[in-house]
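So you can see what is in the structure, the chains are spelled out below.
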Amino acid sequence: MADIRNNFVGIKSPNPFWLASAPPTDKAYNVIRAFKAGWGGVVWKTLGEEGPPVVNVNGPRYGAIWGADRRLLGLNNIELITDRDLQVNLREIKQVKKDWPDRAIVVSLMVPCVEEAWKAILPVVEETEADGIELNFGCPHGMSERGMGAAVGQVPEYIEMVVRWCKQNTRMPVITKLTPNITDVRKPARAAHAGGTDAVSLINTINSITGVDLDSFAPQPTIDGKGSHGGYCGPAVKPIAMNMVAEIARDPETHGLPISGIGGITTWRDAAEFMALGAGNVQVCTAAMTYGFKIVQEMIAGLENWMDEKGHASLDDIVGRATPNVTDWQYLNLNYVAKARIDQDACIKCGRCHIACEDTSHQAITNMVDGVRHFEVIEAECVGCNLCVNVCPVENCITMEPLAAGVMDQRTGKPVSPIYANWTTHPNNPMAKVAAE
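Here the structure is a predicted model, which means the values were calculated and not measured. Note on numbering: residues in each chain are counted from 1, in written sequence order. Thresholds applied to this predicted model are a pLDDT of at least 70 for local features of residues and 80 or more for the giving and counting of side-chain atom pairs; totals over whole chains, interfaces and linings are not thresholded and use all residues. Only hydrogens and water are set aside when side-chain values are computed; all heavy atoms of the structure are taken into account.

(A) Inspection of unusual backbone geometry at higher detail. Of the consecutive residues L202 and I203, the connecting peptide bond is found in the cis state with omega at 10°. Structurally, I203 can be placed in the loop between β10 (199-202) and β11 (206-208). A cis amide bond links Q220 to the next residue, P221, at an omega of 0°. Here P221 lies in the loop between β13 (218-220) and β14 (230-233). The backbone of F217 shows a phi angle near 55°, a positive value even though the residue is not glycine. We count a stretch as a helix when DSSP gives it H or I for four or more residues in a row; a strand needs E for two or more, and each element gets its number in order from the N terminus. Tracing the backbone through its elements, the reader meets F217 in the loop between β12 (211-213) and β13. Whether a residue is buried, partly exposed or exposed follows from its accessible area with a 1.4 Å probe, protein chains only, as a fraction of its type maximum: under 20%, in between, or over 50%, in that order. You can call F217 exposed: its relative accessible area is 63%. With phi around 65°, N386 is a residue other than glycine that occupies positive phi space.

(B) Looking closely at the sheet that holds β11. Here four strands make up an open sheet; going across it, the order is β5-β6-β14-β11 and the pairing antiparallel. Two strands bound the open sheet, and with one partner strand each, they are β5 (62-66) and β11. Between one strand and the next, the sheet's axes are offset by a mean angle of 35°, whatever the strand orientation. Note: two strands are recorded as paired if DSSP finds a minimum of 2 bridges between them. Bridge count for β5 against strand β6 (residues 72-77) is five bridges, and the pairing is antiparallel. Each residue of the ladder has a partner; that of W66, found in β6, is L72. Here an axis means a line fitted to C-alpha atoms, over the contact stretch when the element is a helix, while the angle between two N-to-C directions is reported on a 0 to 180 degree scale.

(C) Examining the packing of helix α7 (residues 238-250) against helix α8 (residues 268-276) more closely. Closest axis-to-axis distance for the α7/α8 pair is 9 Å, and the angle between their directions is 25°. The orientation of α7 relative to α8 falls into the category roughly parallel. Contacts between α7 and α8 involve K238, A241, M242 and V245 from the first element and D270, E273 and F274 from the second. Split by residue class, the contact of α7 with α8 holds four nonpolar, no polar and three charged. Each angle is binned into one of four classes, with values under 35 degrees roughly parallel, values over 145 roughly antiparallel, values of 65 to 115 roughly perpendicular, and all other values oblique. In this description, contact between two residues means that some pair of their heavy atoms is separated by no more than 4.5 Å. The residue classification treats Ala, Val, Leu, Ile, Met, Phe, Trp, Tyr, Cys and Pro as nonpolar and Asp, Glu, Lys and Arg as charged. All others, Gly included, are polar.

(D) Up close: the pairing of strand β8 (residues 132-136). The buried count for β8 comes to five of five residues, which makes it a mostly enclosed element. Neither face of β8 is open: one carries G132, E134 and N136, the other I133 and L135, and all of them are buried. As judged from the four bridges shared by strand β7 (residues 104-109) and β8, these two strands associate in the parallel manner. In the strand pairing of β8, V107 is matched with I133. Seen with the strands pointing away from the viewer, any crossover whose path from the first strand over the helix to the second strand runs clockwise is right-handed. Considered for its hand, the β-α-β crossover made up of β7, helix α3 (residues 115-126) and β8 is right-handed. With four bridges joining them, β8 and strand β9 (residues 174-177) adopt parallel strand pairing. By the bridge assignment, L135 is partnered in β9 with T176.

Right, dumping it as structure tokens:
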């Protein structure tokens, strides 16, 4: 059996599945239920400084995007950090950690960008014997208007400054949670690294409005006729999150910096993909809110079974395995040629591949042959874009098959070259011409 025990910056847990800082981790009741279900750790919902608790709205807090089958694809959340008293949270964290010593408990924090505020909250969190802290520099709504959350996460200099304050004033590992609402996620990651962070976690939610009520003409969720931007999460954000994780993992300036992956993780496969791209563990929120805490049992079983099947003994065997295969477009092999192939036995003759190719691509799929409805790839026109693969409703009916070196590419009339060549050396690249001269 594969060993999926996790050691993330010295924080140990029986598996790599943590609940992210969010409503599911707002109180001891939820966290205990999560641990009983099998979650390896939690990041406690974000705590603020001592004083009057944060005030949340009392009406709808979520907007949603659904697929055609009503499956939840994304949530828009306008809830703020915990609205429970700081001391109540601290007492609960301490008790839960005492009762569940083998599970990871990390405390998310967000206080004003003032050194004294951080110096005040760090020792009281440390006293709970929590395993670490996560600096919430990602929340894009409500708190960012108050100079916290994403307002800090969008300024690398602030990130480095606050991380340094925390590293100087606590023994606990510091995880810096990054916002995706930024042009280049490498810059805040580099800043956190420069400040001495032990790890980064990403992504936090994406600024969004998920819908408009076309009767009231108000954004959803609607509070007394008005709506606000909120944080978008769920399966729809997974591609964005994975790209950002990979960018940090392969950046020379942050290479080796531990990453906790977040964003649309719903299955064991999602988790494995994040870890293959460089994440040391993963955090989950929307899946738990959609399907309940027991979904982690499917994640654990699926990950173990896949690792056993592939011969991966521990998480170390998969973390970062895909990172070297992520590259920039300019380094892709321009001499690689693939063509679409349609399995005639599997084809249901729906015609979607033909329509997509005929109307929006390269007119490379027939719809009639000898007067009979028939869908076949015209190799002389196929550029290998694989749009047909993605629109086909039958799995593996259409596949992409690479042409071997020396085989004639009917589209170009030239044999496939065995030599690797990319844009940096291509004769059409003006920079390559300048270099050659």
